[in-house]
Amino acid sequence: MSLVTALEPLTSRFVPIDPIRVVDTRIGFGSQPADDSTVRVDPLTNAVLETARVERDAVRAVVVNATVTESARAGFLTLWPGGEARPIVSNLNVMGPGQTIANLATVGVGIDGTLSVYSLAGGHFVLDVAGVYVSATTSSAGRFVPLGPTRLLDTRTRATPLAPRGDMSVDTTSVGVPASAAAVVFNLTTTNTVGPGFFTVWPGGARPLASNLNVEASDQTRANQVISSVTAGRFELYSYGGGDVIVDVTGYFTGPDVPAAREGLFVPGRPFRILDTREWPHGILRGGWSATLDPVAWGLAEPGAGAVAANVTMVEPVEPGFVTAYPGPAAPPTSTVNAMYAGQVVANHAIIGVAANDSFIVQPLHDTHVVIDVFGSFVSPNSPSSLPPGTVTPLVNDAEHSVHVIYAIPTGARPAPGRIDGIVSVVDQVRHWFAGEMRRSQPSFVRTDDEVAVTVVDLSVSAADLTAATNYAAELDAAVRAELPSDLADRALLVFLEGAGDPRACGVTIRRRSDDITAGGTSMIPMDTCRIYPLAGVAFPGGGTYLVAHEVTHLLGAVPDCAPHHSGGHISDDPRDILYVGPSPRDWENLMLD
């Protein structure tokens, strides 16, 4: 049964565990990705599931420490849900052959619980699991509470660096972490290193076979975010090579002694690049300047989100320095990612608090390019409950010529938070624009309780298969209609597709019958193609509304034989027209219906 009327919870609670190594290709433990290749990895081993005391089917995402060692060349590593198309993001960057470098990653798992790992650096690969996110609508334990960021420890200020093979116990309660917390989130930085080696963090007892931070020589500076279980607010820190350490706390996960709530639960998202200053019009981010980013506007988080899980990368800084990501308004005396030398490319995982205006700030010490990839968000008290059961309406057999709005999810993909609200808002904006152009007439969309009805349809075809299809539009149309009741097989559809872009167009419309301008036609919006995602509260022509209006115009009969300006299905002589495709910029302020 693919037509759904309810969804599993998108929110999830965090279950921390002592680090467990699930891949180490140096000893033949797991598949080694060759240079420029992808392998599938199963992070949910029996040891992980038994330690976390969770069922495999309940896991929505994992927190892993990924390490590349003995790299073959400069490149990067990307992790994403198994079975889905590889996103344009990275989790870890390598500067050349023979390097060893690690980074934390929060990654949603595929429908089968696996991860895909792509390597453009070759070498060996090590993966340590530090926790799992498990489906929950509310919870006591495992909810994230942001703090600061606040500097807890800096051994440089007391001239007491960690000695080689040395360890220390760190108490986090002085910066607001309760003794009952299940885990703490902090940025671990080492500087003035004595020699090559690694750092390991754990809650106490026997030290696990795992590492959190790796260095290759003396006098290095490196950072990595750590999410670690704590015992009465304390964790243990071990250094193989020695050096100064800095600990900046960004939050904690609740223990079981607090009331159950939704606040602080995690919503895994499809990995998405929200910033790459190499491609934006302002160029490099100047030292002391800042960029303000709104993950809600991009559809990457619920309105009122408390924080986002992200990867922050410095690219080719002009000199050594750091970048700080924070909710604002004032920059804290902490760092998110550190560069040792000019021209370096270095990344660090970060859980970044989001301000009340749904934004966060990124600010470098010196000029540098900055890349930020978002992997999910955390719910705040102000977040509406998006996409729970009740907001997804079953398809209703309304008037024969009404357009049915479909949210299609390929096999292996997951619904995005806030997507239903965005689709409803965009369709309403399009209806109102048509009403103004058609003297208060407008296309009829199926509605329930005076709101546009959106049906979520699980497809029996994967995103990869759709993207690779020879006739993308026809195959998507057939895949959607195969899951609908037979009496709806000849209805007009507006399909918003999650996770499977059409490499040829941002939108496409096909007609199945020529004797009726709407019967059987399908307008398709493959959102990932041009990264145009429907946003709630955005006025026409923004937030995807123009694209939807363009395709619905085709659906209503705008074809060469019935519109005076059309040539090949589009208009080439008037930049104001909704169907204009030509050499001049569109006249966004005066868009009209032909």
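Residues numbered from 1 in each chain as written. Predicted model: local features only at pLDDT ≥ 70, side-chain atom pairs only at ≥ 80, totals over all residues. Heavy atoms only, no water.

**Q** Just checking my understanding: could you explain the overall build of the protein chain for this structure?
**A** In terms of regular secondary structure, the protein chain is built from six helices and 34 strands. Pairs at least 24 apart in sequence give 80% of the contacts found in the protein chain among residues at least 6 apart. Within the structure as shown, the protein chain displays about 22100 Å² of accessible surface, and the carbon and sulfur contribution to it stands at 52%. (Helix = DSSP H or I, 4+ residues; strand = E, 2+ residues; numbered from the N terminus. Contact = heavy atoms within 4.5 Å. Areas by Shrake-Rupley, 256 points an atom, 1.4 Å probe, with all protein chains shown as cover.)

**Q** Could you clarify how one ought to interpret the pattern of salt bridges in this entry?
**A** Should the charged atoms of two oppositely charged side chains come close, the side chains can pair. The tally for this structure, following the rule as stated, stands at 16 salt bridges. In this structure, D428 engages R431 in a salt bridge whose closest nitrogen and oxygen atoms are separated by 2.9 Å. Residue D428 and its partner R431 are both found in helix α2 (residues 419–437); the two are separated by three residues, about one turn of the helix. For R481, the salt bridge identified is with D477, shortest N-O distance 2.8 Å. In this pair, R481 and D477 both sit in helix α4 (residues 472–481), four residues apart, roughly one turn of the helix. One connected set of salt bridges, linked through shared partners, spans R21, D24, R26 and D128. (Salt bridge = Lys/Arg side-chain N within 4 Å of Asp/Glu carboxyl O.)

**Q** Sorry, what's going on with the sheet that holds strand β11 (residues 166–171) here?
**A** Two strands in a sheet stick together by hydrogen bonds in their backbones, pointing the same way (parallel) or opposite ways (antiparallel). Read from one edge of the open sheet, four strands run β11-β16-β13-β14, paired in antiparallel fashion. In this open sheet, the two edge strands, each paired with only one partner strand, are β11 and β14 (213–215). Adjacent strand axes in the sheet meet at a mean angle of 15° when their direction is disregarded. In terms of strand pairing, β11 meets strand β16 (residues 234–239) through six bridges, oriented antiparallel. What sits directly across from D167, in β16, is Y238. (Pairing = 2+ DSSP bridges. Axes fitted to C-alpha atoms, helices over the stretch in contact; angles between N-to-C directions.)

**Q** Explain the environment of L237 to me, please; I cannot follow it from the model alone.
**A** Looking at where L237 falls in the secondary structure, it is placed in strand β16. Taking relative accessible area as the criterion, L237 reaches 0% and is therefore assigned buried. As a C-alpha pair, L237 and P203 span 34 residues in sequence and 8.9 Å in three-dimensional space. What L237 contacts, discounting residues up to four positions off in sequence, is L162, G166, D167, M168, L188, F199, T200, V201, W202 and V245. (Buried < 20%, exposed > 50% of the residue type's maximum accessible area, 1.4 Å probe, protein only.)

**Q** Can you help me understand the confidence of the model for the protein chain in this one?
**A** Summary statistics for the protein chain give a mean pLDDT of 83 and a share of 86% for residues scoring 70 or more. Under a pLDDT of 50 for its full length, residues 382–399 has, in the predicted model, 52 contacts with residues more than four places off or in other chains. Below a pLDDT of 50 lies the segment residues 560–566, which in the model reaches 16 contacts outside its immediate sequence neighbourhood of four places, other chains included. (pLDDT = per-residue confidence, 0-100.)

**Q** What's the story with the sheet that holds strand β5 (residues 75–81) in this structure? I'm lost.
**A** Read from one edge to the other, the open sheet built from four strands follows the order β3-β8-β5-β6, with strand pairing classed as antiparallel. Either end of the sheet is taken by a strand with one partner, and the two such strands are β3 (37–41) and β6 (92–94). Adjacent strand axes in the sheet meet at a mean angle of 20°, parallel and antiparallel pairs treated alike. Across five bridges, β3 lies against strand β8 (residues 115–119) in antiparallel orientation. Paired with V39 across the bridge in β8 is V117.

**Q** How should the pairing of strand β18 (residues 266–276) be read in this particular structure?
**A** A regular strand places its side chains on the two faces of the sheet in alternate fashion. Of all eleven residues that make up β18, nine are buried, and the element is covered over most of its length. Summarising the sheet, β18 and strand β25 (residues 369–378) pair through seven bridges and their orientation is antiparallel. Across the sheet, residue V267 finds its bridge partner in β25, namely S377.

**Q** For this particular structure, what's the right way to read the packing of aromatic side chains?
**A** Working definition: an aromatic ring pair is given by the centre-to-centre distance plus the angle between the planes. A complete count under the given rule lists 14 aromatic pairs for this structure. Seen in terms of ring centroids, F144 and F378 are 4.9 Å apart; in terms of plane orientation they differ by 40°. Their pairing is tilted. Highlighted residues: F144 in strand β10 (residues 144–154) and F378 in strand β25, separated in sequence by 234 residues. With a relative accessible area of 4%, F144 lands in the buried category. Ring geometry for F186 against F235: centres 4.6 Å apart, planes inclined by 10°, an arrangement best described as stacked. With F186 in strand β12 (residues 183–191) and F235 in strand β16, the pair connects residues that are 49 residues apart, well separated along the chain. (Phe/Tyr/Trp six-rings, centres within 6.5 Å; stacked < 30°, edge-to-face > 60°.)

**Q** For this particular structure, what's the right way to read empty space enclosed by the protein?
**A** Over the atoms, a rolling probe the size of a water molecule traces out where space has been left empty. Counted under the stated rule, the structure contains five cavities of 30 Å³ or more. Volume-wise, the largest cavity comes out at about 80 Å³. Forming the boundary of the largest cavity are I101, A102, L213, N214, R222, A223, V337, N338, V346, A347 and N348. Going through the elements one at a time, β7 (101–108), β14, β15 (222–229), β22 (337–339) and β23 (345–353) are the ones with two or more residues in the lining of the largest cavity. (1 Å grid on protein atoms, 1.4 Å probe; cavity = no way out; pocket = protein on both sides within 12 Å on 5 of 7 lines; lining within 4 Å. Points joined across faces, edges and corners; volume = space filled by probe spheres on them.)

**Q** Would you mind going over helix α6 (residues 545–555) with me for this structure?
**A** The α-helix winds at 3.6 residues per turn, so residues separated by three or four positions along the chain end up facing the same way. Within α6, eleven of the eleven residues are buried, leaving the element largely enclosed by the surrounding structure. Buried within α6 we find T545, Y546, L547, V548, A549, H550, E551, V552, T553, H554 and L555.

**Q** Just to check I follow, could you spell out the pairing of β16 for this structure?
**A** For β16, the buried fraction is high: five of the six residues fall into the buried class. Note that strand β13 (residues 197–202) and β16 share four bridges and pair antiparallel. Its bridge partner lying in β16, W202 is registered against E236.

**Q** Would you explain unusual backbone geometry in this entry?
**A** Leaving glycine out, the prevailing phi sign among residues is negative, and the prevailing peptide bond configuration is trans. One non-glycine residue, R53, lies in positive phi territory at about 60°. Secondary-structure assignment places R53 in the loop between α1 (46–52) and β4 (59–69). Within the chain, N192 stands out as a residue other than glycine whose phi angle is a positive 55°. The partly exposed category is assigned to N192, whose relative accessible area is 41%.

**Q** What is the right way to look at α4 in this model?
**A** Burial within α4 is extensive, with seven of its ten residues counted as buried. Listed as buried for α4 are Y472, A473, L476, D477, A479, V480 and R481. Close packing links the buried residues of α4 with β26 (403–411), β29 (454–462), α3 (463–468), β30 (492–497), β31 (508–510) and β32 (522–526).

**Q** Whenever I open this one, the nonpolar core confuses me. Can you help?
**A** In this structure, V362, I372, V405, Y407, L494 and F496 are the most contacted members of the largest nonpolar core, which totals 60 residues. Ranked by residue count, the leading element in this core is α2, at eight residues. Apart from the residues within four sequence positions on either side, Y407 is in contact with P415, A416, R419, I420, I423, V454, T455, V456, V457, F496, E498 and M527. Within the second largest apolar cluster, 33 residues are counted, among which are V22, V107, V109 and L115. (Core = buried A, V, L, I, M, F, W, Y, C linked by side-chain atoms within 4.5 Å.)

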